[in-house]
Amino acid sequence: MMNRLVAVLAAATALEPVARRTLLKGVPAAAALATPALAADNALQKTSCFEVIPDSSLALKPKLTPIKPDKCIGGLKAAKALYLGEHHNSLRDHLLQADILRALRRSEPRRPMAVGLEAIQRRFQPVLDDYLRGAIGLEQLEQQTEWSTRWTWPFANYVPVFEAARLNNFELLALNADSEDLGVVEMGGLAGLPNATLAKYIPDRRVFADFTNTTAFREYIAYVVAPSYRSHKEMGILRQTISGQQLKEDMPFKNFYSGRMLWDNSMANTGAVWTRKNPSGLLVSVIGADHVKFGGGV
């Protein structure tokens, strides 16, 4: 029986019910950056960590046991992938992510490691490579990834993650689907993409179909994706796609769901390619919390 190690972000800031990137364009910069100033050091030591001991018996009584952060990090030596679900607007979350990266590198100095970033779309992988080799700095990184239009969450909050990765010999991976492709799917579903483009994100449709047929995945849709769609609808922000195309009526759930699948599969398959190339490595993905809930997203 495998135990699961969980870091609880006790100080994390809750997201406001605004997930549409285009809506954020109207938020004043001062409001978007209004996060508390926090010390970057020792964030992990100040975090509550627990060991989840599952119970597959008929009693179904899993246990939650507090453990020290060092044990939590040590328990990842056999892992191939780690997903750090975040609240995008929480500086505390990003400081903790950066501290986890430093702790992982101290624990295994020579192991190949990479940080996967939901915030960066695939087309900008060369920009991340330039940043890591010192050809550009943080200002150029922000500009050349078109951060202000493609992600919009405060870039300054992510700086600790970028710097921790660069200084601790992590590769950086651009995980997310390109807005141009996502906009097509939100307009007309997955069928709207050319086969060659769709194959970049979903290389094996049979495996994809089998996965979406599971009870666990259906529960993920019911508890995560469907409520997200309803909240978008209530806020009146389903009349345009993520890339700005205007819609005559609210985006149907089918297209919203299809866009989410493209998003999740882009992140999953980009990470899978790296782990296959680095069988002894560890992939640490920095992505939104909804994408890792119930194991049904990425």
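Rules of the game
Residues numbered from 1 in each chain as written. Predicted model: local features only at pLDDT ≥ 70, side-chain atom pairs only at ≥ 80, totals over all residues. Heavy atoms only, no water. Helix = DSSP H or I, 4+ residues; strand = E, 2+ residues; numbered from the N terminus. Contact = heavy atoms within 4.5 Å. Areas by Shrake-Rupley, 256 points an atom, 1.4 Å probe, with all protein chains shown as cover. Core = buried A, V, L, I, M, F, W, Y, C linked by side-chain atoms within 4.5 Å. Buried < 20%, exposed > 50% of the residue type's maximum accessible area, 1.4 Å probe, protein only. Disulfide = S-S within 2.5 Å. Pairing = 2+ DSSP bridges. Axes fitted to C-alpha atoms, helices over the stretch in contact; angles between N-to-C directions. Salt bridge = Lys/Arg side-chain N within 4 Å of Asp/Glu carboxyl O. Phe/Tyr/Trp six-rings, centres within 6.5 Å; stacked < 30°, edge-to-face > 60°. Lys NZ or Arg CZ within 6 Å of the ring centre and 35° of its normal.

Caption draft 1: Representation of the overall build of the chain in the model. Along the chain, the regular secondary structure elements total 12 helices and 7 strands. Sequence separation of at least 24 residues holds for 76% of the intrachain contacts in the chain that already meet a minimum separation of 6. For the chain, the accessible surface area stands at approximately 15100 Å², while carbon and sulfur atoms represent 56% of it.

Caption draft 2: Main features of the nonpolar core. In this structure, Leu104, Val115, Leu117 and Phe162 are the most contacted members of the largest nonpolar core, which totals 71 residues. With residues up to four places along the chain from it excluded, the contact list for Leu104 reads Ile73, Leu76, Leu82, Met113, Phe170, Leu282 and Val284.

Caption draft 3: Main features of the state of the cysteines. Applying the stated criterion across every chain, the model contains 0 disulfides. Distance from the sulfur of Cys49, which forms no disulfide, to the nearest cysteine sulfur (Cys72) is 4.4 Å.

Caption draft 4: Structural view of the sheet that holds strand E6 (residues 171–176). In spatial order, the strands read E4-E7-E5-E6; together these 4 strands make up an open sheet with parallel pairing. At either end of the open sheet lies a strand with only one pairing partner, and these are strand E4 (81–86) and E6. This sheet shows a mean twist of 25° between the axes of neighbouring strands, independent of strand direction. Pairing between strand E5 (residues 113–121) and strand E7 (residues 282–288): 5 bridges, direction parallel. Paired with Leu117 across the bridge in E7 is Val286. Strands in contact with helix H3 (residues 91–107) are E4, E5 and E7; relative to E4, the strand with the most contacts, it is inclined by about 160°.

Caption draft 5: Structural detail: the pattern of salt bridges. The final tally for this structure, using the stated rule, is 14 salt bridges. Between Glu108 and Arg111 there is a salt bridge, with its nearest N and O atoms 3.0 Å apart. Taken individually, Glu108 and Arg111 each receive the classification buried, so the pair is uniform in this respect. A salt bridge links Asp178 to Arg123; the shortest N-O distance between them is 3.7 Å.

Caption draft 6: A look at the packing of aromatic side chains. Scanning all chains against the criterion turns up 12 aromatic pairs. Centre to centre, the rings of Trp147 and Phe162 are 6.2 Å apart; their planes meet at 70°, and the pair counts as edge-to-face. You can see Trp147 sitting in helix H6 (residues 147–150) and its partner Phe162 sitting in helix H7 (residues 155–167), a full 15 residues away along the chain. Phe162 carries the same exposure label as Trp147, and that label is buried. With a centroid separation of 6.1 Å and an interplanar angle of 55°, the aromatic rings of Tyr223 and Phe294 are classed as tilted. On the criterion of sequence distance, the pair formed by Tyr223 in helix H11 (residues 215–234) and Phe294 in the segment after E7 is long-range, its members being 71 residues apart. As far as the burial class goes, Tyr223 and Phe294 line up, both exposed. Between the NZ or CZ atom of Arg105 and the centre of the ring of Phe170, over which it lies, the distance is 5.2 Å.

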